[in-house]
Amino acid sequence: MCVRRSLVGLTFCTCYLASYLTNKYVLSVLKFTYPTLFQGWQTLIGGLLLHVSWKLGWVEINSSSRSHVLVWLPASVLFVGIIYAGSRALSRLAIPVFLTLHNVAEVIICGYQKCFQKEKTSPAKICSALLLLAAAGCLPFNDSQFNPDGYFWAIIHLLCVGAYKILQKSQKPSALSDIDQQYLNYIFSVVLLAFASHPTGDLFSVLDFPFLYFYRFHGSCCASGFLGFFLMFSTVKLKNLLAPGQCAAWIFFAKIITAGLSILLFDAILTSATTGWVCSVNSLCVCHTLSTPNVQGAKAPWPGRVLQPPARCAWRGLAGFLRAEELLNKTVKRKTHRLLRENSLYTCVRAPGLIAPCWMCQKEECKDSEARWAVPSPSPK
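Residue indices follow the written sequence of each chain, beginning from 1 at its first position. pLDDT decides what is reported in this predicted model: residues at 70 or higher carry local features, side-chain atom pairs at 80 or more are listed and counted, and totals for whole chains, interfaces and linings draw on all residues regardless. Where side-chain values are given, they derive from all heavy atoms of the structure, hydrogens and water being excluded.

1. A word on helix H2 (residues 35-55)
Then comes step 1: With 21 residues, H2 should reach 30 Å at 1.5 Å per residue; the first-to-last C-alpha distance of 30 Å fits that figure.
Then comes step 2: The cut-offs for exposure are 20% and 50% of the maximum accessible area for each residue type, with area from a 1.4 Å probe on protein chains only; residues under the lower value are buried, those over the upper are exposed, and the others partly exposed. Each helix is a run of DSSP H or I of at least 4 residues and each strand a run of E of at least 2, with the numbering of both proceeding from the N terminus. Along H2, the residues classified as buried are Pro35, Thr36, Phe38, Gln39, Gly40, Gln42, Thr43, Ile45, Gly46, Gly47, Leu50 and Ser53.
Then comes step 3: We call two residues contacting when some pair of their heavy atoms lies within 4.5 Å. Here the buried face of H2 lies against helix H1 (2-29), helix H3 (66-90), helix H8 (178-196), helix H9 (202-205) and helix H10 (215-241).
Then comes step 4: Looking at the residues trailing H2, positive phi occurs at Gly57, about 85°. Here the expected length of a helix is defined as 1.5 Å per residue gap, with one fewer gap than residues.

2. Digging into the packing of aromatic side chains
Then comes step 1: We call Phe, Tyr and Trp rings a pair once their centres come within 6.5 Å, taking the six-membered ring for Trp, and we label the pair stacked below 30 degrees between planes, edge-to-face above 60, and tilted otherwise. Counted by the stated rule, this structure contains 21 aromatic pairs.
Then comes step 2: Between Tyr16 and Tyr20, the ring centres sit 4.8 Å apart and the planes meet at 35°, which makes this aromatic pair tilted. One end of the pair, Tyr16, and the other, Tyr20, are both in helix H1, 4 residues apart, so they sit about a helical turn from each other.
Then comes step 3: Classification of Tyr20 by relative accessible area gives buried; the value is 14%.
Then comes step 4: Plain terms: the ring middles of Phe32 and Tyr34 are 5.1 Å apart, the flat faces sit at 70° to each other, and that makes the pair edge-to-face. Judged on exposure class, the residue Phe32 and its partner Tyr34 are both buried.
Then comes step 5: One aromatic cluster in this structure is built from Phe32, Tyr34, Phe38, Phe209, Phe211, Phe214 and Phe217.
Then comes step 6: Note on geometry: a ring has a charge over it if NZ (lysine) or CZ (arginine) is within 6 Å of the ring centre and within 35 degrees of the ring normal. The cationic tip of Lys55 hangs over the ring face of Trp54; the distance from NZ or CZ to the ring centre is 4.6 Å.

3. Here we look at the pattern of salt bridges
Then comes step 1: Salt-bridge detection follows one rule: a side-chain nitrogen of Lys or Arg within 4 Å of a carboxyl oxygen of Asp or Glu. Taken as a whole, this structure holds 1 salt bridge when the rule is applied.
Then comes step 2: Put simply, Glu106 and Lys165 hold a salt bridge, and the shortest N to O gap is 3.3 Å. On the criterion of sequence distance, the pair formed by Glu106 in helix H5 (residues 105-115) and Lys165 in helix H7 (residues 148-170) is long-range, its members being 59 residues apart.

4. Looking at H1
Then comes step 1: A rise of 1.5 Å per residue sets the reference length of H1, with its 28 residues, at 40 Å; its end C-alpha atoms lie 39 Å apart and thus fit the reference within 8%.
Then comes step 2: The first or second residue beyond H1 is Lys31, which carries a positive phi of 60°.

5. Structural notes on the confidence of the model for the protein
Low-pLDDT stretches of the model should not have their predicted coordinates read in fine detail.
Then comes step 1: When pLDDT is averaged along the protein, the result is 76, and 69% of the positions lie at 70 or above.
Then comes step 2: Known as pLDDT, the predictor's confidence for each residue is given on a scale from 0 to 100. Mean pLDDT across the secondary structure elements of the protein bottoms out at helix H13 (residues 311-314), with 38, and peaks at H2, with 94.
Then comes step 3: Within the model, the stretch residues 294-325 combines pLDDT values under 50 with 32 contacts to residues more than four positions away or in other chains.

Below, the structure written as structure tokens:
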């Protein structure tokens, strides 16, 4: 299991690095600044690959009802805003600066949870969010390659990211899995970006692109589409397999590698002050993420279970011992009842007119009845 988690994490880091470097090459080096076409192409490839994976049985996509699709529609609109504004910002900003501003979306989520959902927030998390916002606000004043349009689209991007994550968390538990949500995002993005390519002028302006018939451009676009799909798939696997803290550590590691290599591969001029602010914002983002405790209902490293706080942190002394013994007895009792229920080694006495279902067979017609053990008849030899 440990080797599998490490492989998933390394695969995610590789896809993250390759995807960002490829997109930066297309947007900044080749200067293919037509986001409706570029992002429409990426979402089209991702949707086709996800559909083929579903048909081959590699992933499971549930047939969602119309109500579930309509509920998820605002999130799909925000997803289009994320990829469109992100493409605009990445073409004008260095990768370290872009990733640093992307982290500020955590401040939006923290502020929403504190102000609107009235969640209990630790002082450490509030301080890290405020410091993260202040450090990101000082970044433009120390950027030697300051681009107003790039920072404008980066702000739109992080606002869409924050709103998207808020909607995603507010709909949990949802009938749509992560794969279902991404499938709907792909479909909606392809349709909306295809219709938006004409009003934005990208549909006809692309004919003047100087590298339109070059193999470097064709290969880079194909690679960006496939890498975007692999990044999405590895991200879903990473979140389902690892705990939130471990997942945040892998994401931080991937961002550090991507930001470091991008400085060597692209013409990015980062002064010592800019580098300091970038490192400060990323460090504060990790501290902010790790300061969030695992709550009930969070995704566990293994499917079908829920992250629970350890007993030694919740109860101590004699009370802890008695509580642990009670939990142990309940666990053994529950497993015994499940085995007997599967083998039909008991009968239930019906007590109609009461409210709760039978505590043993969980049948609705046997409400609040007591289960009576039945002596199993000898099986025929």
